[in-house]
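Residue-level structure breakdown
Read off the chains here:
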Amino acid sequence: MPNCDHPGCTQEGEVISRLSPEGFLVATGKKAYSFREAYRRFHYCMHHHDELMANVWTRVRKPDDKDDDHPAPTMV
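Scope of this entry: the structure provided in the associated data block. (Residues numbered from 1 in each chain as written. Predicted model: local features only at pLDDT ≥ 70, side-chain atom pairs only at ≥ 80, totals over all residues. Heavy atoms only, no water.)

1. What to know about the packing of aromatic side chains
What counts is decided by this rule: Aromatic pairs are defined between Phe, Tyr and Trp rings, using the six-membered ring for Trp, whenever the two ring centres lie within 6.5 Å; interplanar angles under 30 degrees are classed as stacked, those over 60 as edge-to-face, and all others as tilted. Each residue is placed in one exposure class: buried if its accessible area under a 1.4 Å probe, protein chains only, is under 20% of its type's maximum, exposed if it is over 50%, and partly exposed if it falls in between. Either the NZ atom of lysine or the CZ atom of arginine qualifies as a charge over a ring when it sits within 6 Å of the ring centre and within 35 degrees of the ring normal.
One pass over the full model with this rule turns up two aromatic pairs. On the numbers, 5.1 Å between centres and 50° between planes, the contact of Phe 35 with Tyr 39 is tilted. The exposure class of Phe 35 is partly exposed, given its relative accessible area of 49%. Relative to Tyr 44, the ring of Phe 42 has its centre 6.5 Å away and its plane inclined at 25°; by these criteria the two rings are stacked. Both residues of the pair, Phe 42 and Tyr 44, count as buried. Residue placement shows Arg 59 over the ring face of Phe 24; its charged tip is 4.4 Å from the ring centre.

See below:
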């Protein structure tokens, strides 16, 4: 099993995610016909995956800069 992709972590990466350690989707750069093909896969230990998801949800739920004209991520 690959190591956790969080910088400096040497634990086994038991959770597979499409989110980078910074909490963003990273394109593979290949012509893709599905979400699974379009974005890189990362491996995380449970601790860093939980931390990453908490940070992403905090960022998504912040009211900063969001109004009725804010496009949904799936729209872009």
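Having seen the structure, we can now continue with the description.
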